[in-house]
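Observations on the three-dimensional arrangement
The residues making up each chain are set out below.
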Number of protein chains: 2
Amino acid sequence: MQPVTIALDAMGGDHGPSVVVPAAVSAVERIDRLEAILVGDSETIGVELANRGRTDRVRVHHAGEQVGMDESPAQALRTKKDSSMRVALDLVACGQADACVSAGNTGALLAIARFVLKTLPGIDRPAIVSALPSRRGLTHVLDLGANVDATPEQLFQFAVMGSTLVSAIHRIREPRVGLLNVGEEEIKGHETVREAARLIARSDLNYRGFVEGDGIFSGEVDVVVCDGFAGNIALKSSEGAARMIGSMIEGEFRRTGLSRIAGVLARPVLQSVRRRIDPRNYNGAIFVGLRGTVVKSHGRADAYSFENAIREAVVEVQNNVPERIGEHLDVLLSQGPGE
Amino acid sequence: MQPVTIALDAMGGDHGPSVVVPAAVSAVERIDRLEAILVGDSETIGVELANRGRTDRVRVHHAGEQVGMDESPAQALRTKKDSSMRVALDLVACGQADACVSAGNTGALLAIARFVLKTLPGIDRPAIVSALPSRRGLTHVLDLGANVDATPEQLFQFAVMGSTLVSAIHRIREPRVGLLNVGEEEIKGHETVREAARLIARSDLNYRGFVEGDGIFSGEVDVVVCDGFAGNIALKSSEGAARMIGSMIEGEFRRTGLSRIAGVLARPVLQSVRRRIDPRNYNGAIFVGLRGTVVKSHGRADAYSFENAIREAVVEVQNNVPERIGEHLDVLLSQGPGE
C-alpha cells in the first residue's frame, strides 16, 4: 500500500480527543503505512496518547482554538484560523496530509473546506455522500445535507460525482444512477427534478430514471441523487424507522417468559442484522467536489465508528477520488454543457 | 352510532370490485348502521355481490366508465363524467353519501374531489394525511404527496388541518405539531420552512418546533407538517428501510439449522411487530381541506386493507372532521392572517 497521511481534527465532535486519539492509534495499528496527524490542543492530546502508550506513525500538531458544534459556519470561517478543524484542512491544502477527517460542526467544516481547498472546475457546490445498506449491498446517496436546495445543473454535478466515486471505490464500471422523486413516471415531481433528469439522461452516465424513497434500500441503483433537504429527510426517516422497529422487537421479546426464551435464542440472528444496518459501520460521509479529500464523521461517533471514518478517507486517497472526479468533469465540460 | 353512508369507487385500484365488494360486505357486517354504495359497473359488482350472498345495507349505483390508474388527472376530470370515481364523489356533493373511498388514481381523485367538493374557505390546496406508527402510538403526517411544493402559508394551513384532525379523531386536546426540517435549530433549512415556522409559532397551535425525519417515529409530536415531496420521500424511505430489515431478518433466520429453530420460536414475537408496523393497518389516507370526506386507499390494497380505509372514512364522518377544520379556519381567518 502507498503511504497515506491523514490529518485528524482531534477536538471535533461531542467527545473530542477521548474518541479521536484511540481511533487514530487503532487505525495506524491496523492499516499498513498509515500516518495520523492529531491536530488540536497538544497537552490534552498528549495525555490521551500517553494512556495508549504509542506514538510511532502518530504525530501531534498543535492548534490553540476549536470550532464549537453550534457556531455559525461564517463566524468559524472568519475568526477560527487557529482551530483544529482549520489547521487540519490547511495541512491538506499545503500537501502535508492527504486527507482530513473531522467529527466537528458540519456546516463549518463544509465552509472552511470549500474556502481552503476550493471546489473542482465545473462544480458549484460540494455535496455530502454516504453509503447506506441495501438489500444487495450498498447504495451511495448524495446530497445528504450540504445544500438545502439544488438547481438541475447541481443535481447533474452530484450525479457525475456520485457515479465517479462509486466506480473508483467499488470498481463498478458503470454505476446505475437514479434520481430521487415522488414517483417513477416522467411527469412526476417538480420542474427542478424533471430538468435534472433530462440533463443526466443526455450524459454518459448509466441513468436508470426516477427512484422513490424505497429505491435507496432496494438495491435497484448504486447511486441516488437528490438535494440535501430530501437526502437528509430520507436518511433520518429511515434511521428513525429502523430504531423504532429495533425497540419494538426488544420490547416484544421482553413481554412473556416464553418470548424471553425465544429472545435469547434469536439474539445472534438479530445481532447479525443489527450489525448489517448499524450506522456506525457506515460512518464517514465524504465531501465530494473539493480539490482534496475530506471525510465527516458523525458528531456522536465512538472510537470504533470514528476509525471507520478514517478508513473511508484512506480508501478515498488510495483511489484518487478527487482527481478522478476532476477528470470526469473535464471530459463533460469539454463536450459543452447539456449536450 | 349515527347512520353513515359511504360511497365506494368499486372500480378503483389494482383489483377493483374483487377487493372493494368483499371489503364493503365485511364493513357493513361489523359496523353498526353503516351503509355502503358500490359505484361502478353494476353487472361486475352484481356478480361479486352474489358470491357474497348479502345485499342489505349494500347498494349498487351504476357508473359506466372508469378512470385509468395512469390517466392524467386533467383528462380524467374533463372526460370521465360517468366514471365510478366521479359518480362516487358526486354522491357526496349532493348529500346522498357522507364520504367517498377510492383506491384509484391519486392525482385524478384529488383533482376531481377538489372540483366536485371544493376546498374550505382559507384553504388553497387540499393535503393528504396519514397516520404512521411511532414508538408511543401514532404520528399523523401531511402532506404526503398532494402538492410537490408548498408556500409557507400552505404549510401553515396543513398544520391547522392536521392539528384539528388529530384533535377530532383522537380526542387529544392540543396536538403537538412539528415542522419537518433538516435540523432542529432555527437557522436550519430553506426560507420556506423558516417562514412557515414563524406563522405556526404565532398561531394558537401547540407548536413544538422543527423535527427531523426520525421525529416521525419517535413519538415526540402528534402531527408532522411538510410539503408533499418531503412527506412522500419520508414515507417511502422508511417503508423501504422497514422492508429491507424484514427481509434481512428472514434471511438470517434461514441460514443455519440452529437459526431456523430460533426462527420458529421467535415467529410469534416478530409477527406481532410486523402487525404493528404493517402498512395495511394504516391504510386510508385522508384528503383534508375539502368540503367533504374523501379517503384514498392504497391502489394495491387487499380487502382487509380496504376495509381499514372504509373505517377511516367512518371515523372522519362521525367526528365531523371537515366541519371542525372549517370552524378552526374561521377563527384563524377572523383574527387576520399571520397575527
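Residues numbered from 1 in each chain as written. Chains lettered and ligands numbered in written order. Predicted model: local features only at pLDDT ≥ 70, side-chain atom pairs only at ≥ 80, totals over all residues. Heavy atoms only, no water.

1. Re the overall build of chain A
Within chain A, the regular secondary structure consists of 12 helices and 11 strands. Since a compact globule built from 339 residues should have a radius of gyration of about 20 Å, the 21 Å found for chain A is in line with a globular shape. Taken along its principal axes, the extent of the C-alpha atoms in chain A is 65 × 60 × 40 Å. By residue count, 59% of the 339 residues in chain A fall in the buried class. When contacts within chain A are restricted to residue pairs at least 6 apart in sequence, those whose partners lie at least 24 apart make up 70%. Approximately 13,900 Å² of chain A is accessible, and the part contributed by carbon and sulfur atoms is 48%. Across chain A, the centroid of the 38 positively charged side chains sits 5 Å from that of the 43 negatively charged ones. (Helix = DSSP H or I, 4+ residues; strand = E, 2+ residues; numbered from the N terminus. Rg over C-alpha atoms; globule rule 2.2 N^0.38 Å. Buried < 20%, exposed > 50% of the residue type's maximum accessible area, 1.4 Å probe, protein only. Contact = heavy atoms within 4.5 Å. Areas by Shrake-Rupley, 256 points an atom, 1.4 Å probe, with all protein chains shown as cover. Lys, Arg positive; Asp, Glu negative; His and termini not counted. Charge placed at Lys NZ, Arg CZ, Asp CG, Glu CD.)

2. Brief notes about the pattern of salt bridges
Here the structure, examined in full by the defined rule, presents 38 salt bridges over all chains. Among the salt bridges present, the one from Arg-59 of chain A reaches Glu-35 of chain A, with a minimum N-O distance of 3.6 Å. Of this pair, Arg-59 of chain A sits in strand β3 (residues 58-62) while Glu-35 of chain A is found in strand β2 (residues 34-40), placing the two residues 24 residues apart along the sequence. With a relative accessible area of 40%, Arg-59 of chain A lands in the partly exposed category. Here Glu-35 of chain A falls in the partly exposed class, since its relative accessible area comes to 30%. Notably, a salt bridge pairs Asp-222 of chain B with Arg-176 of chain B, separated by 3.0 Å at the nearest N-O pair. Of this pair, Asp-222 of chain B sits in the loop between α8 (215-218) and β9 (223-225) while Arg-176 of chain B sits in strand β7 (residues 176-180), placing them 46 residues apart in sequence. The class for Asp-222 of chain B is buried, based on a relative accessible area of 10%. (Salt bridge = Lys/Arg side-chain N within 4 Å of Asp/Glu carboxyl O.)

3. Regarding the relation of the copies chain B and chain A
The two copies are related by a screw motion: chain B maps onto chain A through a turn of 180° and a shift of 0.0 Å along the axis, at an RMSD of 0.0 Å. One copy is carried onto the other by what is essentially a two-fold rotation axis. Considering only C-alpha atoms, the residue of chain B closest to the rotation axis is Ser-238 of chain B, which sits at 2.1 Å. With an isologous cut-off of 70% or more, the 100% of interface residues of chain B that recur at the interface of chain A puts this contact in the isologous class. (Least-squares fit on C-alpha atoms with pLDDT ≥ 70 in both.)

4. Details of the sheet that holds strand β3 (residues 58-62) of chain B
All names here are of chain B. Spatially, 11 strands are ordered β3-β2-β1-β4-β11-β10-β5-β6-β9-β7-β8 in an open sheet, and the strand pairing comes out mixed. Where the open sheet ends on each side, the last strands, each with one partner, are β3 and β8 (206-211). On average, each strand axis in the sheet is inclined to that of its neighbour by 25°, with strand direction left out of account. For strand β2 (residues 34-40) and β3, the ladder comprises five bridges, and the chain directions are parallel. Among the inter-strand pairings, Ala-36 is bridged to a residue of β3, identified as Val-58. (Pairing = 2+ DSSP bridges. Axes fitted to C-alpha atoms, helices over the stretch in contact; angles between N-to-C directions.)

5. Regarding the interface of chain B and chain A
Many analyses report the size of an interface as the accessible area lost when the parts associate. Listed per partner, the contact involves 44 residues of chain B and 44 residues of chain A. Here chain B packs against chain A, burying approximately 4,300 Å² in sum over the two surfaces, 74% of which is carbon and sulfur. The interface formed by chain B and chain A includes six salt bridges. Between Arg-243 of chain B and Asp-214 of chain A there is a salt bridge; the shortest N-O distance is 3.0 Å. Scanning the region where chain B abuts chain A turns up 10 residue pairs in polar contact (both at pLDDT 80 or more). Those elements that provide at least two residues to the side of chain B that touches chain A are β5 (127-134), α8, α9 (228-253) and α10 (257-277) of chain B. (Buried area = accessible area lost by both parts, 1.4 Å probe. Polar contact = N/O pair within 3.5 Å; in protein donor to acceptor, adjacent residues only side chain to side chain.)

6. So, a nonpolar patch on the surface
There is a patch of nonpolar side chains on the surface, built from Leu-258, Ile-261 and Leu-265 of chain A together with Leu-258, Ile-261 and Leu-265 of chain B and spanning about 640 Å² of accessible area. Of all the elements in the fold, those that place two or more residues in the nonpolar patch are α10 (257-277) of chain A together with α10 of chain B. Position of Leu-265 of chain A among the secondary structure elements: in helix α10. (Patch = residues over 30% accessible without salt bridge, like charges linked within 9 Å, V, L, I, M, F, W, Y side chains within 5 Å.)

7. Focus on the sheet that holds β2 of chain A
All names here are of chain A. Judged by pairing direction, the sheet is mixed, and its 11 strands sit side by side in the order β3-β2-β1-β4-β11-β10-β5-β6-β9-β7-β8 without closing on themselves. Of all strands in the sheet, those bounded by a partner on one side alone are β3 and β8 (206-211). With strand direction ignored, the average angle separating the axes of adjacent strands in the sheet is 25°. In the packing of helix α4 (residues 84-93) onto the sheet, the strands contacted are β1 (4-9), β2, β3, β4 (99-102) and β11 (293-296), and the crossing angle to β2 comes to about 145°. Along the sheet, helix α5 (residues 106-117) contacts β4, β5 (127-134), β10 (285-288) and β11; its crossing angle with β11, the most-contacted strand, is approximately 175°.

8. Description of the nonpolar core
Within the largest apolar cluster, 108 residues are counted, with the highest numbers of intra-cluster contacts made by Leu-89 and Phe-253 of chain A together with Leu-89 and Phe-253 of chain B. The contact partners of Phe-253 of chain A, leaving out residues within four places of it in the chain, are Ser-259, Arg-260, Ala-262, Gly-263, Ala-266 and Leu-270 of chain A together with Ala-266, Val-269 and Leu-270 of chain B. (Core = buried A, V, L, I, M, F, W, Y, C linked by side-chain atoms within 4.5 Å.)

9. What to know about the side chain of Ser-134 of chain B
Here Ser-134 of chain B lies in strand β5. With relative accessibility at 4%, the residue Ser-134 of chain B sits in the buried group. Only 3.1 Å separates the side chain of Ser-134 of chain B from the backbone nitrogen of Arg-136 of chain B, close enough to count as a polar contact. Leave out the neighbours within four places in its chain, and Ser-134 of chain B touches Met-244 and Met-248 of chain A together with Thr-139, Ile-216, Phe-217 and Gly-219 of chain B.

10. What about the state of the cysteines?
Inspection of the entire model under this criterion finds zero disulfides over all chains. Cysteine Cys-94 of chain A shares no disulfide, and the gap to the nearest cysteine sulfur, in Cys-100 of chain A, comes to 12 Å. Looking at the unpaired Cys-226 of chain B, the closest cysteine sulfur is the one in Cys-226 of chain A, lying at 16 Å. For Cys-226 of chain B, a relative accessible area of 3% corresponds to the buried category. (Disulfide = S-S within 2.5 Å.)

11. Some points on the packing of aromatic side chains
For any pair of aromatic rings, the description consists of the separation of the ring centres together with the inter-plane angle of the planes. This model, assessed by the stated rule, comprises zero aromatic pairs over all chains. Against the face of Phe-115 of chain A rests Lys-118 of chain A, its NZ or CZ located 4.7 Å from the ring centre. (Phe/Tyr/Trp six-rings, centres within 6.5 Å; stacked < 30°, edge-to-face > 60°. Lys NZ or Arg CZ within 6 Å of the ring centre and 35° of its normal.)

12. Details of the environment of Gly-219 of chain A
Residues and elements named next belong to chain A. Inspection of the secondary structure puts Gly-219 in the loop between α8 (215-218) and β9 (223-225). With relative accessibility at 2%, the residue Gly-219 sits in the buried group. In the structure, Gly-219 is positioned 184 residues away from Glu-35 in sequence and 35 Å away in space, judged by C-alpha atoms. Ignoring any residue separated from it by four or fewer positions in sequence, one finds Gly-219 in contact with Ser-134, Arg-136 and Arg-176.

13. Looking at α10 of chain A
Along its 21 residues, α10 of chain A runs 28 Å from first to last C-alpha, staying within 8% of the 30 Å computed at 1.5 Å per residue. Considering bend angle alone, the principal kink of α10 of chain A is centred on Ala-266 of chain A and spans about 55°; proline Pro-268 of chain A follows within four residues of it. Buried within α10 of chain A we find Ser-259, Ala-262, Gly-263, Ala-266, Val-269, Leu-270, Ser-272 and Val-273 of chain A. Contacts made by the buried residues of α10 of chain A are with α9 (228-253) of chain A together with α9 and α10 of chain B. (Expected span 1.5 Å × (residues − 1). Bend = angle between axes of the 7 residues up to and from the residue.)

Distances and angles like these do not, on their own, reveal function.
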